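Understanding the architecture of this molecule
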Amino acid sequence: MELQELKIGRKTARVPIIQGGMGVGVSRFRLAGAVAKEGGVGMISSAQIGYDEPDFEADVQGCNARSIQKHVALAKQQADGGLVGVNIMVALQHYAEHVKAAVCAGADLIACGAGLPVDLPELVKDSDTAIAPIISTKKAASVILRMWDKKYKRTADLLVVEGPKAGGHLGFSHSALCDIPALSYDEEIKEIIREKRIYEQKYGVLIPVVVGGGIFDQSDIRHVMELGADGVQIASRFVATKECDASMAYKQAYVQAKEEDIAIINSPVGMPGRAIRNAFIRKAEQGQIPVTKCFHCIKKCNPKETAYCITQALVNAVKGNLDEGLIFCGANVGRITEITDVATLMRELATGS
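The following refers to the structure shown. Fair warning: this is a prediction, and the values are worked out from it, not measured in the lab.

The end-to-end C-alpha separation of helix α2 (residues 60-79) is 28 Å, in line with the 28 Å expected for 20 residues at 1.5 Å each. Those residues of α2 that fall on the buried side of the exposure criterion are Val 60, Gln 61, Gly 62, Cys 63, Asn 64, Ser 67, Ile 68, His 71, Val 72, Ala 75 and Ala 79. In the segment just after α2, Asp 80 is the residue with positive phi, at about 55°.

Moving on, we come to the environment of Val 86. Structurally, the position occupied by Val 86 is in strand β5 (residues 83-89). Classification of Val 86 by relative accessible area gives buried; the value is 0%. Along the backbone, Val 86 and Gly 21 are 65 residues apart, and their C-alpha atoms lie at a distance of 7.2 Å. When sequence neighbours within four positions are dropped, the list of residues in contact with Val 86 reads Met 43, Ile 44, Ser 46, Val 72, Ala 102, Ala 107, Leu 109, Ile 110 and Ala 111.

The next point concerns the sheet that holds strand β9 (residues 168-169). As summarised here, the arrangement of the three strands in space is β9-β13-β12, forming an open sheet in which the pairing is antiparallel. Where the open sheet ends on each side, the last strands, each with one partner, are β9 and β12 (262-266). Relative to strand β13 (residues 272-276), β9 runs antiparallel, the two sharing two bridges. Paired with His 169 across the two strands is Gly 273, which belongs to β13.

Attention shifts here to helix α12 (residues 310-319). Of all ten residues making up α12, eight are buried, and the element is well covered by its neighbours. Buried within α12 we find Ile 310, Thr 311, Ala 313, Leu 314, Val 315, Asn 316, Ala 317 and Val 318. Buried residues belonging to α12 abut β9, α10 (248-256) and α11 (279-285). Just past α12, the residue Gly 320 takes up positive phi, approximately 110°.

Further remarks concern the environment of Ser 136. As for its placement among the helices and strands, Ser 136 is situated in the loop between β7 (130-135) and α5 (138-152). As a C-alpha pair, Ser 136 and Gly 212 span 76 residues in sequence and 9.6 Å in three-dimensional space. Among residues more than four places away in sequence, those in contact with Ser 136 are Glu 162, Gly 171, Phe 172, Tyr 185, Glu 188 and Ile 192. Among the polar contacts listed, one links the side chain of Ser 136 to the backbone oxygen of Glu 162, at a separation of 2.8 Å.

What counts as what
- Residues numbered from 1 in each chain as written.
- Predicted model: local features only at pLDDT ≥ 70, side-chain atom pairs only at ≥ 80, totals over all residues.
- Heavy atoms only, no water.
- Helix = DSSP H or I, 4+ residues; strand = E, 2+ residues; numbered from the N terminus.
- Expected span 1.5 Å × (residues − 1).
- Buried < 20%, exposed > 50% of the residue type's maximum accessible area, 1.4 Å probe, protein only.
- Contact = heavy atoms within 4.5 Å.
- Pairing = 2+ DSSP bridges.
- Polar contact = N/O pair within 3.5 Å; in protein donor to acceptor, adjacent residues only side chain to side chain.

What follows is the structure, given as structure tokens:
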């Protein structure tokens, strides 16, 4: 199967593969820039992106805003004209500031999940940055497209559809994620595609649909393309690459994980998530892990009540302190057996060999 280019607003990716944004610190400029250079869309996660800046604890928001601009610039330097985007969670306390920093840095795309980005068009107005809501249901697609149409007289440049096999925070119930029948999500994808055609016709534009969650190889890519998707979002496989910004210990956790090591957890973000079961998750299951410092990351988090500090858990993991860290992953992490490089992986995904 020959993959076609992916048009996103006024820009085009040679390969219709978006590397999913992974935080904290898992996808920054090294990974995103390498994917963009190979023709895909490299995505930087803005979530606590400045975690390793020397003044991070004293000025969390300042470090994050500076780091968004720094990492977008560095990724673009190595992208050789490829597209670089930023993944920004709506649930972040400083979501709007992150969007503005990404626009200022010249991000080609902003994709927003963990909530509906109702005001995203306003935050990027008068810029060339394309925008994409990350949604999981036809209902969510309908709500956000209708809102943008009514309030801003515009529509999305792209829809990112995350299915129940994705990693990290997920837009499904805990019980649904624990029992995923094969191919049960196909009809939802078709419904979302039918819904977006209403706005394509109204605005005379194309709204590509990119599907993520459990996309592992070219057979998975072919399957969602046959459903009508225009591209795919892949995250977990890019963790096991030399260019991934996480520590080698983090990457090895992916290589060593088996299917039975995957857990569905309740995240302090207020959504269920998929992660590798380890000493940290077992400790969290025994009761609250006291929060010693609040990093003011999530809007709805109460440090006195939350099960643990998700910022500290994710920072620990990306640095390699896995016993004290949360390691998000997709449903197919057990199929990853080696660390490769981005060029080799992109070639495998694009050609099947």
